[in-house]
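Residues per chain are reported as follows:
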There are 2 protein chains.
Amino acid sequence: MTAPTLTRPTARSHPRPTPATPAIVLADGCLATLEGKVAHGLVRGSDRFSVRVVVDHTLTRCDAGQVVSGTPTGIPVVATVADALRHAPEATVAVVGHAPHGGRLSTELRALLMQCAAAGLDLVSGLHDHLADDAELAGLVAARGATITDVRRTPPARELRFWDGSVYSVRARRIAVLGTDCAIGKRTTSRMLAGALNDRGVRTEMIYTGQTGWMQGGRYGIIFDSLLSDFIAGELEGAIVACADDIDPDVMIIEGQGALRHPAGPCGATLMLSGAVAGVILQHAPQRTHYDGLDGLPAARIPSPASEIELIGHYGVPVLAVALNLTGVALEDIDRVVADCRAQSPNIPVIDVVKHGLGTLAEIVANPALLQGN
Amino acid sequence: MTAPTLTRPTARSHPRPTPATPAIVLADGCLATLEGKVAHGLVRGSDRFSVRVVVDHTLTRCDAGQVVSGTPTGIPVVATVADALRHAPEATVAVVGHAPHGGRLSTELRALLMQCAAAGLDLVSGLHDHLADDAELAGLVAARGATITDVRRTPPARELRFWDGSVYSVRARRIAVLGTDCAIGKRTTSRMLAGALNDRGVRTEMIYTGQTGWMQGGRYGIIFDSLLSDFIAGELEGAIVACADDIDPDVMIIEGQGALRHPAGPCGATLMLSGAVAGVILQHAPQRTHYDGLDGLPAARIPSPASEIELIGHYGVPVLAVALNLTGVALEDIDRVVADCRAQSPNIPVIDVVKHGLGTLAEIVANPALLQGN
């Protein structure tokens, strides 16, 4: 028995396969919850994997796109790995779609991965518990001649880059998409905004900062939460500089992580300062009261966008627009909720992305002079 | 040849040896610079190591304490490892006193470490380049039956703890010592403040957050900059909870790292929010204009304390006092510089720690009601 080929996305520049690799996504019990956010990203779209089927026995016979975004994508949800293999015999990889807090591998998910390994599939996972460290699972993968990619495997310090200020020489305008909570749509907005800018002829690249961004085919970026903290700034700068050197885009959209004041790990200052961004798009879900996963805690109330805009201003960065995530707001309440948000931030465009699409945001980013008259 | 015993401070609670281990500190070429900040801490005092001699060939025959703080400590500086061994034949360990940006092992320092290893000393290092990964050095250490402790060796994710809010149940008042720059005296103020509080009968423990804090004998804490970023908040919380469970102090002083707006890696929000602190002491060096190591960069100007206090207020935390580091200010200018700082922050005590000692700070922390009348 040979060891499986272990790979991990450590370099700052990541070519993606053409065509995308046909994939099964494992999201058992979580496709309809925030824990399934990796699966959500893959269902929304990926240039690295071509998603053929999702495993979640609680949503059998649903369309995965319908579950994730309300729009059918033709990707079916099935109950078991066996069903998935029957539906998509061409799949060569199983991708873990779970993103639980702490990134642990559950017994249930491990059992599904053993079935995938037995079927000879390559395995891709962004859990902090690395699949390659599970001797039985890794042995089975190796015996089938397949591979394991632990996306969040941490590169050692000697492979990492310290921040040196070279970001200041990069021509591209850098815009960060931050949010007032985790799992609020920052990555999706980043990806769609990059698309909308490219559609308008503004050459734009997304700088991903999480596992899903890589899985979706991101070419430049970092896995923020599994890096040694001393090197995050330098690795982010390295991704920006590599992107500029390779393709010299006009705009880079930097995907945000977490939230600036989330007590389980505040995040955002590094992206703004070490990435030297020109502006921020602030994603906000007005219907949420407490940070994701911290519903019971009085100290975990989500601040208002106005307060967040002021905080971001203290970092020397203007908020160009607030992008609303209205998931869970009743249709008849949407106009009132949007009006409330506008009243609270009268000097900044507040955009219902579903209603207005990404066009308005793209115009703002492409031409910040538009802001002057607001 | 057997492998050396490799240790690293991974647990959140670290008993220290009694008596402290006699040590040689390596600080060749850096005892008088900011790069020598680990050596500075060890010379100021450690309960883990008893520092007998410092190696820095540029300062031969100086008293190390005189160089570091202007007060002789009886610790001589010598030119070579051989001189150090002659001066302190009882030493059983050599500790790396360098803290270069990026944490790399230089050729020169490696040569000194080879000499220490040949002499049979244990080696302790907080560099990101781990000594145990250097086959020749590790082999020599093993052959002599000695050990290597790479303080910044990163624990794997499976050994780490995710933040869960248990910090809110801890009785001790938590105070963070943040700073407007790196290498500005946050750790020294934290350590001395904890001492001054204990002297007043307020049972206080310092929560260290860097390698030097551990080397100085810190019992509870984390090595912030070599942790995976997703677990920093949880590991900090774990150190606080372990401290409360073990010794239930009245106050915990949390050592800050870096600076809130340092572009090479902003830091501070996690300590305030994930540590749920009641207040901040802000360390400031009015004579510095640019962040440590970034003198040429226009974007790297150090913000005013007033602006930093406002930023900290945005995180919901009051600044209880500004502690000044006046290193490098001419004696005749000190009164004017302090008066300027007071004029800029009229509502907050601004303390010249050297002149007033830690007593005033200790009284503020012990009795925040004092602040009401200010």
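Thresholds, definitions, all that
Residues numbered from 1 in each chain as written. Chains lettered and ligands numbered in written order. Predicted model: local features only at pLDDT ≥ 70, side-chain atom pairs only at ≥ 80, totals over all residues. Heavy atoms only, no water. Contact = heavy atoms within 4.5 Å. Buried area = accessible area lost by both parts, 1.4 Å probe. Salt bridge = Lys/Arg side-chain N within 4 Å of Asp/Glu carboxyl O. Polar contact = N/O pair within 3.5 Å; in protein donor to acceptor, adjacent residues only side chain to side chain. Nonpolar A, V, L, I, M, F, W, Y, C, P; charged D, E, K, R; others polar. Least-squares fit on C-alpha atoms with pLDDT ≥ 70 in both. Pairing = 2+ DSSP bridges. Helix = DSSP H or I, 4+ residues; strand = E, 2+ residues; numbered from the N terminus. Axes fitted to C-alpha atoms, helices over the stretch in contact; angles between N-to-C directions. Parallel < 35°, antiparallel > 145°, perpendicular 65-115°, else oblique. 1 Å grid on protein atoms, 1.4 Å probe; cavity = no way out; pocket = protein on both sides within 12 Å on 5 of 7 lines; lining within 4 Å. Points joined across faces, edges and corners; volume = space filled by probe spheres on them. Buried < 20%, exposed > 50% of the residue type's maximum accessible area, 1.4 Å probe, protein only. pLDDT = per-residue confidence, 0-100.

Novice: Lay out the interface of chain A and chain B in plain terms, naming residues and giving numbers.
Specialist: With 44 residues of chain A at the contact, the number on the chain B side is 44 residues. For the pair chain A and chain B, the summed buried surface comes to about 3500 Å²; carbon and sulfur atoms form 60% of the total. On the chain A side of the contact with chain B, S229(A), P263(A) and H314(A) bury the most area, a combined 16% of that side's loss. In this assembly, chain A and chain B are joined by four salt bridges. If you look at where chain A meets chain B, you find 20 residue pairs in polar contact (both at pLDDT 80 or more). Its residues assigned to classes, the side of chain A that touches chain B comprises 22 nonpolar, 13 polar and nine charged.

Novice: Could you give an account of the relation of the copies chain A and chain B, with specific residues and numbers?
Specialist: When chain A is fitted onto chain B, the two copies agree to an RMSD of 0.0 Å after a turn of 180 degrees and an axial shift of 0.0 Å. Such a combination of turn and shift is consistent with a two-fold rotation axis.

Novice: Residue-level account of the sheet that holds strand β11 (residues 251-255) of chain B, with values.
Specialist: All names here are of chain B. Strand order across the open sheet formed by seven strands is β10-β9-β11-β8-β12-β13-β14, with parallel pairing between neighbours. Looking at strand neighbours, the two that pair on one side only are β10 (220-221) and β14 (350-352), the edges of this open sheet. In the packing of helix α6 (residues 186-199) onto the sheet, contacts are made with β8 (173-179), β9 (204-208), β11 and β12 (279-284), and the angle to β11 comes to roughly 170 degrees. Contacts from helix α13 (residues 359-366) reach β8, β11, β12, β13 (319-324) and β14, with the element oriented near 170 degrees to β13.

Novice: Which residues make up the packing of helix α6 (residues 186-199) of chain A against helix α13 (residues 359-366) of chain A, and what are the values?
Specialist: Residues and elements named next belong to chain A. Where α6 meets α13, the axes come as close as 9 Å, and the angle between the chain directions of the two elements is 70 degrees. Put simply, α6 runs roughly perpendicular to α13. Across the interface between the two elements, T189, L193, A196 and L197 of α6 pack against L361, A362, V365 and A366 of α13. Residue composition of the contact of α6 with α13, by class: seven nonpolar, one polar and no charged.

Novice: Describe the side chain of E235(A), listing the residues and the values that go with them.
Specialist: Mapped onto the elements, E235(A) comes out in helix α8 (residues 232-247). Within polar-contact distance, the side chain of E235(A) engages the backbone nitrogen of R161(A) at 3.0 Å.

Novice: Requested: an account of the layout of surface pockets, with residues and values cited.
Specialist: Here the second largest pocket defines a volume of roughly 530 Å³. Along the wall of the second largest pocket there are 24 residues; nearest its centre are T154(A), P155(A), P156(A), R153(B) and T154(B). Taken together, the residues of the lining of the second largest pocket break down into nine nonpolar, five polar and ten charged.

Novice: Give me the lowdown on the pattern of salt bridges, citing residues and values where you can.
Specialist: All names here are of chain A. Here the structure, examined in full by the defined rule, presents 42 salt bridges over all chains. Measuring nitrogen to oxygen at the nearest pair gives 3.8 Å for the salt bridge that ties R153 to D150. Residue classification places R153 among the partly exposed positions, given a relative accessible area of 23%. Between R336 and D340 there is a salt bridge whose closest N-O contact spans 3.8 Å. Taken as a pair, R336 and D340 lie in helix α11 (residues 334-344) at a separation of four residues, close to a single helical turn.

Novice: Provide a residue-level description of the confidence of the model for chain A, including the pertinent values.
Specialist: Considering every residue of chain A, the mean pLDDT works out to 92; 94% of them sit at 70 or more. For this predicted complex, the interface score ipTM comes out at 0.91, while the overall pTM is 0.92.

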